[in-house]
Each structure stands twice: as structure tokens, then as C-alpha cells.
Amino acid sequence: MAPAEFRAIGHTLIDMVAQWLEALPSQPVTRAETPTQVRDALDASRSLPAAGVAAGPLLEKAARLLFDHSLVNGHPRFFGYITSSPAPIGMLGDLLAAAINANAGAWRLAPMASEVEGQAVRWIAELLGYRPGCGGLFVSGGNMANIVGFYAARAAAGEAWRIRSAGVAAADARRLRVYASAETHTWVQKAADLSGLGTDAIRWIATDDTLRLDTAMLRETMAADVAAGDVPMIVIGTAGSVSTGAVDPLFAIADICREMGTWFHVDGAYGALAAALPDAPRDLQALHLADSVAIDPHKWLYAPLEAGCLLARDPDVLRAAFSYHPAYYHFSDGDGINYVDLGPQNSRGFRALKVWLALQHAGADGYRRMIGDDCALAARLYATAEAHPELDAGTLGLSIATFRYVPPDVRDTIGTADTDAYLDALNEDLLDCVQRSGEAFVSNAVVRGRYLLRACIVNINTGEADVDALPGIVVGIGRELHAKRRAGGAGA
Ligand SMILES: *Cc1c(COP(=O)(O)O)cnc(C)c1O
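Going by what an unreviewed UniProt entry lists, the protein is known as L-2,4-diaminobutyrate decarboxylase and is assigned to Luteitalea pratensis. Recorded under Sequence similarities (unreviewed entry), the UniProt text for the protein is reproduced unchanged: "Belongs to the group II decarboxylase family." Check the Cofactor (unreviewed entry) section of the UniProt entry for the protein; it says "pyridoxal 5'-phosphate".

This is the structure:
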């Protein structure tokens, strides 16, 4: 591609994207097409053309396909999952990062990119109140960030029998145990499985009625395992659970881990950044007590996908879990960090740039305001659901509100098995219809056996009007579905 063509096509693409972004609020959140419809639009089954095609029309066609057949998680009415709207400066950052194409595995191959990554990691740690001098690196997302923390804990716990070389089944190996509440995200099963511990190594700790880990049960379970000769490897506290935004009692968990000499990991993929708020839940002030913390810049730092980040007590605990020194790498550039030593990846892209740009563009105060706004919008939605005669409010945690539709004529029989089953089925149906409507997008949570609609607000584009529109959309569709079920004879 000639430089002049690159410039012309690039300008056109930016114009198309800018126009699309401006028009977003008036477009549906999703067109809810079937896989067949999307494949037809793509002409999915054709073979790779032997001859190349002109880049300009190709990019325009690609943009049209994506604009017209995507679910847009930056839409002001996307409340579905903890997937944020992308910061525009992050979009441009990804373009710049791709142009440089830094390989941020080794300092010598990526001098400035490595330093930018180090600075971004340090700034994130500052926002959370995590330890100065900590280690950390960017990975693909929350799952990988948590898994990196898990492997650091595994290396530390199995050091006595050199687990990295001898493995979990070495002659002198002991059974490693993992402690997490049932509200923990499924990354923990993947980590236990992939690491050779097996998911049976996980001790599922009960939660209290606010869905926070029960520390009395944690203590008892760990003591019983130690008595049986097992090694407690890691305790996982969640800072903002994926379902309801619950924050575990992190101070109390930190105490137990200190007493037992066990690695304390916090899954803060969603909620850790709320620690930057002046009125944050108190337990978020305990993050500095953790040996490792996973956070997700593609959530509350509004980075375009993908960007996860793992912070650890110091860089050496990550080196102790991941570093090798093969003959074909001779990197020693003073104290420049070779990120290949701190995590599982070898070649590494420049994920840090979009985050580093967004952090400075908004500043710490900007992030406090944006995260605070998301929480305030969720609280507003929760209050509306509480006051609405046809809605039941469920839970409110950080920026997640749960609620359900309750037709007036079944309210009196809530608590009976028939009505409870009816409300679960009705709301499940309702969720599907709301999603398909394209008017707004919510997801679901199951809280103490009840099926609830779940709105997560991690969105710089969402305003009060968007949140205020949701109850009307839900109730409108709910009434229709209830009437249809009644007419069809499906009674409560
Ligand atoms: C989102 C989330 C994850 C997974 O993060 P990904 O970026 O989707 O890999 C893990 N834990 C919690 C609490 C989350 O909210």
C-alpha cells in the first residue's frame, strides 16, 4: 500500500467511524439476527479470492458489515454485561499501537512501550491504593489476569517440592487447596483445571445473605485441610462480584491469610477500580493487603477490548512463577523489564498504550467522576424499581442493579411455589424479548434461587434518560407477555 493511499483510506475510515459513533444513540443496541442472517450478509461460505482487491472499498465494506450486524456494547442503553463502552482515545491508541507494532515481551525490542506499560501499571496501582513498587503486567482480560495471579500463588505454595519442574504429582507433592465463594467467576475452575490441580481442589465457601464470603467457614475449612496434610494455596476474595457487584470482607480474609501464610488474591476485574471513589465500600480499602489483584481496564477504565491487568506484591513473585532463561534470549538492559519473564506470553502486543492514554485523558478525577456516575445511575435504577408497583428490586452493588417484573395480579401470592416458578419463567422470557427488542440490553442473575434481570452500567455514554427509559421498556414487554400467557392458559 502506497503512503498516499494509506493516508486517504485512513482518513475515510476515521470519518466513517466518527459518523457511526455520533449516530449510535438513535440505532438499536442489537439487531438480534440469527447466525444464518449474519452469515448471509457476510457471504460466509465463499472461498478466499485468489486475487487481491482494492483496500479502500474493502475497508468500507468491512465497516458496513460491522456497523450493521453488531451488538454495540458502547450503546448508551447496553446494560447487559460488565463490558464497557470504549473510550475514543483508546480506539486511536490501538491504531497507533498497531502501527508501532512493538513486541512488548522484551525491553530491548520495545523500549518505550515497555516503559509505558510500567507507568500504566503503576498509575493503576495508585488509583486502587495498591502497593508502590508492585509488579504487574497487561494481559488479555480479567480471566487471564486472575489466572496469572493463580499461577504465582501456585509457584509460591509448591516451592518446597519445586512444583514448576516436578509438577503437582511429584513424589513429595502435597495436595494444594483453593478457597473461593460460590459467587466467584468461572475463571477459578479454568485455572484449577489448567494448572493440574483439578476443580475438586476448590473449596467452595458459603456466602452470607448479602452474598459475601463467610469468613468463619473459610477459617474452619482451611484448618481442616491443614490438619489433613493439605496445603492452602490461595484464597480468592472478590471485589465486585460478576453477578451482583458484592464485595467480599477483604480485611477479614487478609487477616486469615496472614495467619495461615496463604496467598491472598483479589479478583477485582470489575470492582477494584471503585476503590478510587471517596465513598467506596470500606473493604475496597484492603486491596493493598493482597498478594495479587486482577483488574480489567476493559471494564472500568473503558479501554477497548482487550486489556486485563494483574498487579502483584512485587515483580519477583511473578518472575518466580514464569521466568526461564533460554539460550536464544540474551536480554539484559539494566533494570528495563522484560515482560516475557512476568507472565505466560512470549510475543506481546502493546495493550498498555490505549490504557495509558485514557488514564491521562480523563485523569484520576475524571475516572472518579465516571465510575461514580455509573454507580449513581445503578442506584437510580434500583430506586425506580423499588418504587414501581410492577417491579421488584433485587440487589444493588457498585454499578449493578437487579430487579424483576411482577404483574399486579400475582403479587399477593409471591412465595408460593406456583407463583415463584411463574415469575422465574416470565422474567426469563422477558429478558429474551428485551434483548431482541434492540431498545435496551440487560442480562440476568439468579439470586437466592430467584431469576432476576440485571443491569450493569459501565458506560460513559449512558445518562439518566437511558436509565429512566428501562423500567418502561421492561414493564411494557412484561405486561404483553403476561397477558399472552394468561390468554394461553399458562396460569400463575
Ligand atoms: C469480567 C470478570 C471476569 C472475567 O474477565 P474477562 O475480562 O471477561 O476475562 C472475572 N471476574 C470478574 C469479577 C469479572 O467481573
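**Focus: the site of the ligand**
Lining the immediate environment of the ligand, one finds 14 residues, of which Gly 142, Asp 267, Asp 296, His 298 and Lys 299 sit closest. Between the ligand and Asn 143, the relevant distance is 2.8 Å, taken from an oxygen atom to a main-chain nitrogen or oxygen of the residue. Here an oxygen atom of the ligand sits 2.7 Å away from a polar atom, N or O, in the side chain of His 298. About the coverage of the ligand: the protein hides 84% of its 380 Å² of free accessible area.

**Digging into the UniProt feature "modified residue: N6-(pyridoxal phosphate)lysine" (unreviewed entry) in the protein**
Per the UniProt record, "modified residue: N6-(pyridoxal phosphate)lysine" (unreviewed entry) is found at Lys 299. Along the chain, the position of Lys 299 falls in helix α11 (residues 297–300). The exposure class of Lys 299 is buried, given its relative accessible area of 13%. Those residues in contact with Lys 299 that lie beyond four places of it in its chain are Ile 82, Ser 84, Ala 269, Tyr 270 and Val 458.

**Considerations on the sheet that holds strand β7 (residues 308–312)**
Note on sheets: strands pair through backbone hydrogen bonds, and any given pair is parallel or antiparallel. The strand order β1-β7-β6-β5-β4-β2-β3 describes an open sheet built from 7 strands, whose pairing is mixed. At either margin of the open sheet sits one strand with a lone partner, and together these are β1 (135–139) and β3 (202–205). Going across the sheet, the axis of each strand differs from the next one's by a mean of 20°, ignoring polarity. As defined by bridge partners, strand β4 (residues 231–238) adjoins strand β5 (residues 263–268) across 5 bridges and the pair is classed as parallel. Bridging from a neighbouring strand, Ile 234 pairs with Trp 263 of β5. Here helix α6 (residues 142–157) sits on the sheet and contacts β1, β2 (176–181), β4, β5, β6 (292–295) and β7; the angle it forms with β5, its principal contact strand, is near 180°. Sheet contacts for helix α8 (residues 187–194): β2, β3, β4 and β5; angle to β3, the most-contacted strand, approximately 160°.

**Here we look at the pairing of β3**
Judged from the 4 bridges that link them, β2 and β3 form a sheet pairing that is parallel. Pairing of Tyr 179 across the sheet is with Arg 203, part of β3. Read from β2 through α8 to β3, the crossover connection turns out right-handed.

**Regarding the nonpolar core**
Formed by 68 residues in total, the largest nonpolar core has its most connected members in Ile 124, Leu 128, Leu 218, Leu 250, Trp 300 and Leu 311. When residues of this core are traced back to their parent elements, those giving at least two are α5 (111–128), α9 (215–227), α10 (250–260), β5, β6, β7 and α13 (352–387). Broken down by element, this core gets its largest block of residues, 10 residues, from α13. Here this core gathers at least three residues from each of two domains, domain 2 (102–349) and domain 3 (363–487). Discounting chain neighbours no more than four positions away, the residues touching Trp 300 are Tyr 270, Gly 271, Leu 273, Ala 274, Tyr 367, Ile 371, Asp 374, Cys 375, Leu 398, Ser 399, Ile 457 and Val 458. The next biggest cluster of nonpolar side chains, apart from the first, holds 37 residues, and it includes Val 139, Phe 150, Ile 202 and Ala 321.

**Some points on the packing of aromatic side chains**
Going through the model one piece at a time under the given rule, you end up with 8 aromatic pairs. Where Trp 123 meets Trp 356, the ring centres are 6.4 Å apart and the plane angle is 15°; that geometry is what we call stacked. Placement of the pair is Trp 123 in helix α5 and Trp 356 in helix α13, with a sequence separation of 233 residues. Residue classification places Trp 123 among the partly exposed residues on the basis of a relative accessible area of 22%. Relative to Trp 187, the ring of Phe 150 lies with its centre 6.3 Å away and its plane at 85°, an arrangement referred to as edge-to-face. Here Phe 150 is found in helix α6, whereas its partner Trp 187 is found in helix α8, with 37 residues between them in sequence.

**Description of the sheet that holds strand β10 (residues 443–447)**
Reading across the sheet, the 4 strands line up as β8-β9-β11-β10 and stay open at both edges, with antiparallel pairing between neighbours. Every other strand in the sheet has two partners, leaving β8 (391–397) and β10 as the edge strands with one partner each. Along the sheet, successive strands turn relative to each other by an average axial angle of 35°, direction set aside. In terms of strand pairing, strand β9 (residues 400–405) meets strand β11 (residues 450–456) through 4 bridges, oriented antiparallel. By the bridge assignment for β11, Ile 400 is matched with Cys 456. In the packing of α13 onto the sheet, contacts are made with β8, β9 and β11, and the angle to β8 comes to roughly 155°. Along the sheet, helix α15 (residues 464–487) makes contact with β8, β9 and β11, crossing β9 at roughly 30°.

Quick notes on the rules
Residues numbered from 1 in each chain as written. Predicted model: local features only at pLDDT ≥ 70, side-chain atom pairs only at ≥ 80, totals over all residues. Heavy atoms only, no water. UniProt positions renumbered as here; feature names shortened; annotations may be inferred. Near = heavy atom within 4 Å. Polar contact = N/O pair within 3.5 Å; in protein donor to acceptor, adjacent residues only side chain to side chain. Areas by Shrake-Rupley, 256 points an atom, 1.4 Å probe, with all protein chains shown as cover. Helix = DSSP H or I, 4+ residues; strand = E, 2+ residues; numbered from the N terminus. Buried < 20%, exposed > 50% of the residue type's maximum accessible area, 1.4 Å probe, protein only. Contact = heavy atoms within 4.5 Å. Pairing = 2+ DSSP bridges. Axes fitted to C-alpha atoms, helices over the stretch in contact; angles between N-to-C directions. Right-handed = clockwise from strand over helix to strand, strands pointing away. Core = buried A, V, L, I, M, F, W, Y, C linked by side-chain atoms within 4.5 Å. Domains from an automatic or database assignment. Phe/Tyr/Trp six-rings, centres within 6.5 Å; stacked < 30°, edge-to-face > 60°.

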